Structure formats: C-alpha cells, structure tokens
Amino acid sequence: MRVIVRPAPRLVGTVQVPGDKSVSHRAGLLGALATGPTEIAGFLESLDCLNTLRALGALGVEVTRKGPGEYRIGGAGLAGLQEPDNVLDCGNSGTSARLLLGVLAGQPFWSVLTGDDSLRRRPMGRVAEPLRQMGATVAGRSEGSRLPLAIRGARPLKGLRYRSPVPSAQVKSAILLAGLFAHGEVSVEEAAPSRDHTERMLRGFGCRVGVDGRSVTLTPGGELRGHSIQVPGDISSAAFFLVAGAIVPGSSLTISGVGVNPTRTGLLDALWEMGAEVWVTEQREGEEPSATLTAQTSRLRGTRVGGALIPRLIDELPVLAVAAAAAEGVTEVSDAAELRVKESDRIATLAAELTKLGARVEERPDGFRIQGGTPLRGAVVRSWGDHRMAMALIVAGLVAEGETVVEDTQCIATSYPEFLATLNALTPEPCAVAEP
C-alpha cells in the first residue's frame, strides 16, 4: 500500500490517540501471570499488541475481547502457563519477542519464537545473554542472537545483578519478568533510565520493586494480583500530531488523555527547546499519569538532542527529524545509535528519505545533523517497512510543495491502524489517501 499526501491548508480539531503500545503489551503479559482476572480498558488493538495476546492464548491463557479496546485476561498465575503446540509468531513486534523471552525463561518447557523478516534481523542477544546467566537455555540463529529462537526455562532461575550495555526498556523488562521466577533478587542498572512502565505495573500487581538511582531491583515472592488497568493514550502516536500541529500553517490541535510518564516525555522537552507552542493541561495522576496536550503552529529553531534525553524520545526521533527539517537553523542528534537496530536502520532511512524531499541531512554513526529552513518538495519516498518512518514521512508531506508518495505503508497497522482516518478528519479535505 502507498499513501498520496498533499499539502495541508491547516490542521484543526481534537484528537484521541489509541492506547499506549508499551503499556498494552505489559498489561496483557502481567495479567496472564496474575492470580485472578485482569480487566484492561484502552488496549491498543494494533498488530503488535494483538500478537502478544495471540501468544498468550497459545500458552494457555484465557483472553476475552469484551469490546473495542476492552479485554479480560484470565490470570493463569506464575505456574499456570502451558507448553505451546506451535511456534509463537511475534510478527513485527520486538516488544512481544523480548518480553515473552523474559516470561518463558521461567517456564519448564520448550518454546520457539519467530517473527517477520524485519524482526528476524533485530538483535535478541542483548536479552538472551542475561537470561542465560539466570539459568535459561536459549538457542537459535547467529549463536542465539537472532530469531527464530528456542528457549527452555528453568525454575527457579538464579538471581542476577546486571549492568545493561545499552539503556533499553525491553532488556530491563525481560530481566525483571524473568525475576518473577528467580530465587533471589534481580537488579538491572542502566547508564540512563529507560521507560519505567514495567516497574510501575509490577508494583500495581503487588510486586516488590525498588529504584535506586539508575538501578531497578525486583524481590521475588508472593503472587501477582489481577486488577483493572486503564491504558492511557500513546504519546508516541500523539507525537505525529504534535509535530504536524507545530509545522503546518494555521494549525491548532488538542490531544486528550495522553500518557505523560516522565520517562516518555522527552519529545515535549525537545519541542519546547525548539520554540514549539505546546501546552500540557488537565493532568491526571495514577499508575500511569495522563494529560491533555495542545499544539499550534510555531516558529521552530534548531537544537541539540543527546545524552539522557535519548531514551526518553527514542521512538519519536523520526518525526522530530521532520520538525528539524522545518525549523530554522541546525539540529544535531547524538548518542542514538540504537536507531540503527529498530524496525529499520532509522538513521540511514531518515537521511535517505528526507533528502529525497529536499531536506539537508548528514548521517552520523550515532545520529544525524539536519540543516533546517529549506522548503521541502514532494517526491516518492519509502518507509522500508517501518511504521514510525511511514507516519513521519506522511507528516513531512503535509508541508512539502506538490504531491508526496509514501510507499510501503501497510506497516502503520503495527502501531496505529487509524492514523490516516484521524489525520484526514483534521483537514477540510483529505490530505493523505491510501492506494493499493
């Protein structure tokens, strides 16, 4: 599928983005390990999150869809998962694969995980190695660092103190989930804190989780208790509208019910540094805090992004690059080598595809440099099967002169199936039309 994008005269209205992808995955997984049912509202019904639910069903967990975004997870308990009859296919979801590896590390049976072409290229050794140190057996392609992977868990697993070589919520979460089946404490230290949805949700289920600076420690023991979970709107999905609202002339957008977990709001910090007129109102506290975000057309300036800010906006960097192309001056992003092992090599892809649109982008080993201020022009660009690249390029097309064609856009369904419909509802005439 491809999307034809035409310049948007303005974007005006209120947006309700779908549920947070990270929180949805974790709610399903921890609900499956709990005693008693977990009721989830606002679950993201994207391909990635549904792959997690399908895997849980294959492991013997009762999963019931009660309505749009509403699911009941029948808790199987820590000892209640069953050996699957077939390979668990995670599709394009790295979160499904890596977090499931953590859960399966504590199961006394064999499981095999695979995924699509893109996921089979992504690194899994960063998760497999600490799980092996805890006593699980993990084998597969490239010396057990690429899917398909076979894993046989151990019970109990060994406690572990692990210093993660890269700040990664997926690595941290996999180890903490495995820690539920360990004899002794499990701790993960990171150079910079990554998103903390797993720690928050583990506490909500009754687990003992402590944070000391950059280190997170889980003390196993007891059972998880099923309960009700409200998934907030995904700030990674809201990011595309925040940037579009800032760069499309005459725009004013309000996005309600967005998760504003402090470990996820790095994009807001970066946009404010660039001079964006973005407001946070109606803040609501809870296990996952949420708020209403409002963005309007702004005169953006270049900035520097790096260091501890990177883990807080790693998924939003593709659309931030679009903002940088529309800004005056230079934007430099560093310390973001992790972009090279996402659904695509996002550094190389951003440089190649934004250059086609007329942006001046310099690729660097751990980031990029963008000289903003040059008007974008329509062109044929490609997502390379990366959902965030596809949506970022569509946003760029809204301010490019002439028509922009974004190819290979079916991947958007992995995280935001309603993206085009939501975007077109904000303009007098549809500005982004999908074609087979």
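Anything mentioned here points back to the structure above.
Chemist: An account of the pairing of strand β1 (residues 2–5) is needed here, citing residue identities and associated values.
Modeler: Bridging between β1 and strand β24 (residues 432–435) involves four bridges; their strand directions are antiparallel. When the sheet's bridge partners are listed, Ile4 is paired in β24 with Val433. Bridge count between β1 and strand β23 (residues 404–407): four bridges; the pairing is antiparallel. Its bridge partner being in β23, Arg2 is matched across the sheet by Glu407.

Chemist: Lay out helix α5 (residues 125–133) in plain terms, naming residues and giving numbers.
Modeler: Listing the buried residues of α5 in full gives Arg126, Val127, Ala128, Pro130 and Leu131. On its buried side, α5 packs onto α3 (94–104), β8 (137–140), α6 (141–144), β10 (157–163) and α7 (169–179). Directly after α5, the chain includes Gly135, whose backbone phi takes a positive value near 115°.

Chemist: Describe in detail the sheet that holds strand β13 (residues 215–219), supporting the description with residues and values.
Modeler: Two strands in a sheet stick together by hydrogen bonds in their backbones, pointing the same way (parallel) or opposite ways (antiparallel). A sheet is described by the order of its strands in space; here four strands give the open sequence β10-β11-β13-β12, paired in mixed fashion. If you trace the sheet from one side to the other, it starts and ends with β10 and β12 (208–212), each paired once. Here the average twist between neighbouring strands, direction ignored, is 15°. The strands that α7 touches are β10, β11 (182–189) and β13; relative to β11, the one it contacts most, it runs at about 165°.

Chemist: Describe helix α12 (residues 346–356), with residues and values.
Modeler: Every buried residue of α12 is listed here: Arg346, Ile347, Thr349, Leu350, Ala351, Glu353 and Leu354. On its buried side, α12 packs onto α11 (317–326), β20 (360–364), β21 (367–371), β22 (380–382) and α13 (387–397). Phi turns positive one or two residues past the end of α12, at Gly358, with a value near 100°.

Chemist: Break down the pattern of salt bridges for me, citing the residues and quoting the values.
Modeler: Here the structure, examined in full by the defined rule, presents 32 salt bridges. Among the ionic pairs, Glu403 bridges to Arg6, the shortest N-O distance being 3.3 Å. Highlighted residues: Glu403 in the loop between α13 and β23 and Arg6 in the loop between β1 and β2 (12–15), separated in sequence by 397 residues. A relative accessible area of 40% means that Glu403 is categorised as partly exposed. Using a relative accessible area of 38% as the deciding quantity, one classes Arg6 as partly exposed. A single network of salt bridges, built from pairs that share partners, joins Arg122, Arg195, Asp315, Lys342, Glu343, Arg346, Asp386 and Arg388.

Chemist: Could you give an account of the sheet that holds β24, naming the residues involved and the relevant values?
Modeler: With mixed pairing, the four strands of this open sheet are ordered in space as β22-β23-β1-β24. Edge positions in the sheet fall to β22 and β24, since each has one partner strand and no second. Taking each pair of neighbouring strands and ignoring which way they run, the sheet shows an average axis angle of 25°. Strands in contact with α13 are β1, β22, β23 and β24; relative to β23, the strand with the most contacts, it is inclined by about 175°.

Chemist: Describe in detail the packing of α12 against α13, supporting the description with residues and values.
Modeler: What describes two packed helices is the angle between their axes and the distance between those same axes. Close contact between α12 and α13 brings their axes to 11 Å; oriented N to C, the two are set at 25°. The angle between α12 and α13 places the two elements in the roughly parallel class. The hand of the α12/α13 crossing is right-handed. Each of Arg346, Thr349, Leu350, Glu353 and Leu354 in α12 lies in contact with α13, whose residues at this interface are His387, Arg388, Met389 and Leu393.

Chemist: Please give an account of the environment of Gly135 that cites residues and values.
Modeler: Here Gly135 shows up in the loop between α5 and β8. For the pair Gly135 and Lys158, spaced 23 residues apart in the sequence, the C-alpha separation amounts to 6.3 Å. Dropping the residues within four chain positions of it, Gly135 is found in contact with Ala154, Leu157 and Lys158.

Chemist: Talk me through the nonpolar core; I want residue IDs and the actual numbers.
Modeler: If you look at the biggest cluster of nonpolar residues, it comprises 81 residues, and the most contacted ones within it are Phe241, Leu271, Leu320, Leu354, Ile394 and Phe419. No other element matches the 10 residues that helix α9 (residues 235–247) contributes to this core. The residues touching Phe241, leaving out its near neighbours within four places in the chain, are Val15, Val17, Leu253, Ile255, Tyr416, Phe419, Thr422, Leu423 and Leu426. Judged by nonpolar contacts, the second largest core, of 65 residues, contains Ile40, Ala55, Leu59 and Phe181.

Chemist: Break down unusual backbone geometry for me, with residues and values.
Modeler: With an omega of 0°, the peptide bond running from Leu147 to Pro148 counts as cis. Looking at the secondary structure, you find Pro148 in strand β9 (residues 146–152). Of the consecutive residues Arg155 and Pro156, the connecting peptide bond is found in the cis state with omega at 0°. Following the sequence through the fold, Pro156 ends up in the loop between β9 and β10. Even without glycine at this site, Ser142 takes up a positive phi of about 50°. A positive phi angle, close to 50°, is found at Glu282, a residue other than glycine. Tracing the backbone through its elements, the reader meets Glu282 in strand β16 (residues 277–284). On the basis of relative accessibility, which here comes to 55%, the residue Glu282 falls in the exposed class.

Thresholds, definitions, all that
- Residues numbered from 1 in each chain as written.
- Predicted model: local features only at pLDDT ≥ 70, side-chain atom pairs only at ≥ 80, totals over all residues.
- Heavy atoms only, no water.
- Pairing = 2+ DSSP bridges.
- Helix = DSSP H or I, 4+ residues; strand = E, 2+ residues; numbered from the N terminus.
- Buried < 20%, exposed > 50% of the residue type's maximum accessible area, 1.4 Å probe, protein only.
- Contact = heavy atoms within 4.5 Å.
- Axes fitted to C-alpha atoms, helices over the stretch in contact; angles between N-to-C directions.
- Salt bridge = Lys/Arg side-chain N within 4 Å of Asp/Glu carboxyl O.
- Parallel < 35°, antiparallel > 145°, perpendicular 65-115°, else oblique.
- Left-handed = near helix turned anticlockwise from the far one by under 90°.
- Core = buried A, V, L, I, M, F, W, Y, C linked by side-chain atoms within 4.5 Å.

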